[in-house]
Amino acid sequence: MDLTYAACKLLLFFLLVFCTSYQCCATGINADQTAWLSVNVSENPPRKIPKTMFGISFEEINHAGAGGLWAELVSNRGFEAGGQNTPSNISPWSILGDESLIFVSTDRSSCFDRNRIALRMEVLCNTDGDNICPAAGVGVYNPGFWGMNIEQGKTYKVTFYVRSLQPIELSVSLIGSNGLQKLATADIIQSRSCRDDNVTNWTKKEILLQAAGTDPNSRLQLTTRKKGTIWLDQVSAVPLSTHKGHGFRQDLFDMLAELKPGFIRFPGGSFVEGEWLVNAFRWKETVGAWEERPGHFGDVWQYWTDDGLGYFEFLQLAEDLGALPVWVFNNGISHNNQVDSSVILPFVQDILDAIEFARGDPTSTWGSVRAEMGHAEPFDLRYVLSGIKTLETRIIVVYTNANSMFSMAHNFDHTSRSGPKAFVSEYAVTGNDAGRGSLLKALAEAAFLLGLESNSDVVEMASNAPLFVNTNDWRFNPDAIVFDSSKVYGTPTYWMQHFFKESNGAILLNSKLQANSSSSLIASAISWKNPDNRSYLRIKVVNFGSNRVSLKVSVDGLDKNSIEAAGSTITTLMSSNAMAENSFSEPKKVAPTTSQLENASNRMNVVLAPYSLTSIDLLRKSNIVQVAGCNADLCTSL
């Protein structure tokens, strides 16, 4: 089969930067204004929302992966961040001891062909003689990504490669932020007579350290008091408490899992392209043994990644989340240069190889690489996505202010129902409205999502971006989840997405909102089931105005006696300040609050607070709505 034709069949999505600016059409409703919402549960046939409707978009930005979700504690573990030439920049590694005691340099003596840089420590002092080493020794230390979070009782696996022409005495320690407190330590003492201890050639060492104390700003330290020359390379420290042992920081993984994403798009947009193609993401350099991955400098977001979080790990992340992977590949275009179409075939082959890696038989060329990494069964890769500069028209990126975002809720109302469905791959309110994650931002985005949900017959997928930010590296603002080495909180945008996690695969109900011609209300209604197979009717409403609204709700096709008041609830995301934000000191200042819905009925009145997102969940006594002529399977799913 012609290679180009095969590629065209396999490339399921292409991405376009959809630049748009809209004027706001929303104005406030007068105080004590009444609005009416009618919901019809008997529409035939019911419309099922795609299971992939709402997902997440991961980009290596703001140290989201390196120093974030990927639990590797050592920054620049292979000393390659300064490039392949020597002397190389070893930052953030630092030297313990002055120049009369130790001389540290880099050379190209590593045993790894793609990672030639190694660290060379020439120790000038000794345990005796004229130049005696300090009691704590001399050596190097790594502070990680703005501090390593070491917790009492937890175990950390330290791995490194070492070489020396003389017997070594090396201490490997986790040290507190004051540089003095030893949280855990182990000594490697090599005997001349023991061949097993010989490190004349590069030797891999693995040590388990159990912490005797807690410090979120700790560091890893390698020291000695013995004169001689020691080479080090590929130094790693990872907690054993990662999710399923797959390398994901558990608390950050949990934040993602709680969203129940239908898909995860990775590893980004601009990160995949690079400012220049030489720095684009190359998936083949991110698979296989971590020690052999060369890493690369992400020149868009201006930091080095060791690529421990590579193509395989992203596929594993999707599987662990129960989400479909959406892989973004580079199509030969960066921000500043591109390959000529006459030499594009290597890029096409690279894409086909990546698909084989994910989906191929374990005996195939690239499927066997996946199997060697511990995953013999294929990953469920169904979607691939080109980099963000292509000429297709159904992939949309939206970054705008709050009023424009709110007004875009009806953007797809009159879109043609034929042709490919849309993928809103990135959306976010930015600028002054957003702050560092304001309630106003979240409400405008919620209104936009309600519009997408109502048009889920033409919109297949949507994901907010960016997802993560390390509080020490705000390269793009704002973001959904904020963290440091030991803590994490969700912004209002994160909590807003919780209101939509039951929508994937749910039934969209016909609803009609009546208010002022210039309304600050947006609403949608769905039918969904919880894990216990209990059926709910959920009504979501955004009040984007500064006044309270009395909403009169009527549900047609649902008998009053079929609602269980005791299990019906109302959940609200709101604050007295539309620009309110969460923080480490107040992580849930703006977060959903749920209470029992006292007047649960098919006819009821609900008061909507100013600047709020409200979800009404009516528990139904029966899982089946009797509708004349309704398809049995769809009726049951109601």
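For every chain, the first residue of the written sequence is number 1, and numbering continues from 1 onward in sequence order. Given that the model is predicted, a residue must reach a pLDDT of at least 70 before its local features are reported, and side-chain atom pairs must reach 80 or more before they are shown or counted; all residues, however, enter totals for whole chains, interfaces and linings. Values shown for side chains rest on all heavy atoms present in the structure; no hydrogens or waters enter the calculation.

1. Things to note about the nonpolar core
And then number 1: If you look at the biggest cluster of nonpolar residues, it comprises 96 residues, and the most contacted ones within it are Tyr311, Trp327 and Phe468.
And then number 2: A contact between two residues is defined here by any heavy atoms of the two lying within 4.5 Å. The contacts of Trp327, once residues within four sequence positions are left out, are Phe266, Pro267, Trp283, Tyr311, Ile351, Ala354, Leu381, Tyr383, Val384 and Leu385.
And then number 3: For this analysis, a nonpolar core means a set of buried residues of the types Ala, Val, Leu, Ile, Met, Phe, Trp, Tyr and Cys, connected via side-chain atoms within 4.5 Å. Burial classes: relative accessible area under 20% of the type maximum marks a residue as buried, over 50% as exposed, and values in between as partly exposed (1.4 Å probe, protein chains only). Counting 40 residues, the second largest nonpolar core, distinct from the first, contains Leu73, Met148, Val162 and Ile188.

2. Here's the deal with the state of the cysteines
And then number 1: A pair of cysteine sulfur atoms is labelled a disulfide when the two atoms are within 2.5 Å. If you walk through the whole model with that rule in mind, you get one disulfide.
And then number 2: Here Cys125 engages in a disulfide with Cys133; their sulfurs sit 1.9 Å apart. Here Cys125 and Cys133 share a disulfide; its torsion about the S-S bond, 95°, makes the bridge right-handed. With respect to class, Cys125 is no different from Cys133; both count as buried.

3. Description of the sheet that holds strand β12 (residues 203–210)
What holds strands together in a sheet is hydrogen bonding between their backbones, with the strands either parallel or antiparallel.
And then number 1: The rule for pairing is simple: two strands pair if DSSP sees at least two bridges between them. Numbering of helices and strands starts at the N terminus; helices are DSSP runs of H or I of at least 4 residues and strands are runs of E of at least 2. Across the sheet, five strands lie side by side as β5-β6-β14-β9-β12; this open sheet has antiparallel pairing. Since the sheet does not close on itself, it has two edges, and those belong to β5 (102–107) and β12, each with one partner. Recorded for the sheet is a direction-independent mean angle of 30° between the axes of neighbouring strands.
And then number 2: Two elements, β5 and strand β6 (residues 118–123), share six bridges in a ladder whose sense is antiparallel. Looking at β6, one finds that Ile102 is bridged to Val123. Only the stretch in contact is used when fitting a helix axis, every axis being a line fitted to C-alpha atoms; angles between N-to-C directions are given from 0 to 180 degrees.

4. Some thoughts on unusual backbone geometry
And then number 1: Between Ser91 and the following residue, Pro92, the backbone shows a cis peptide bond with an omega angle of 10°.
And then number 2: Assignment of secondary structure puts Pro92 in the loop between β3 (54–57) and β4 (94–96).
And then number 3: With phi around 55°, Lys244 is a residue other than glycine that occupies positive phi space.
And then number 4: Position of Lys244 among the secondary structure elements: in the loop between β14 (228–239) and α2 (250–257).
And then number 5: Residue Lys244 is classed as exposed on the basis of its relative accessible area, which comes to 61%.

5. Quick notes on the packing of aromatic side chains
And then number 1: Here a Phe, Tyr or Trp ring, Trp counted by its six-membered ring, pairs with any other such ring whose centre lies within 6.5 Å, and the pair is stacked when the planes are under 30 degrees apart, edge-to-face when over 60, and tilted otherwise. All told, the structure shown has 26 aromatic pairs when counted by the stated rule.
And then number 2: Where Trp283 meets Trp366, the ring centres are 5.0 Å apart and the plane angle is 65°; that geometry is what we call edge-to-face. Linking Trp283 in the loop between α3 (270–273) and β16 (296–298) with Trp366 in helix α6 (residues 365–372), this pair joins segments that are 83 residues apart in sequence. We note that Trp283, like Trp366, is buried.
And then number 3: Ring centres of Phe312 and Phe357 lie 6.5 Å apart, and the angle between their planes is 85°; this geometry places the pair in the edge-to-face category.

6. Focus: the pattern of salt bridges
And then number 1: The term salt bridge refers to a pairing of a side-chain nitrogen on Lys or Arg with a carboxyl oxygen on Asp or Glu at a separation within 4 Å. Within this structure, the stated rule accounts for 24 salt bridges.
And then number 2: Here Asp251 makes a salt bridge to Arg249, at a shortest N to O gap of 2.7 Å.
And then number 3: When its relative accessible area of 24% is taken as the criterion, Asp251 is described as partly exposed.
And then number 4: A salt bridge links Asp350 to Lys284; its shortest N-O distance comes to 3.4 Å. With a gap of 66 residues between them, Asp350 in helix α5 (residues 345–359) and Lys284 in the loop between α3 and β16 connect regions that are remote in the sequence.
And then number 5: We classify Asp350 as partly exposed; its relative accessible area is 24%.
And then number 6: Each of Lys157, Lys204, Glu206 and Glu291 takes part in salt bridges that share partners, so that together they form one network.

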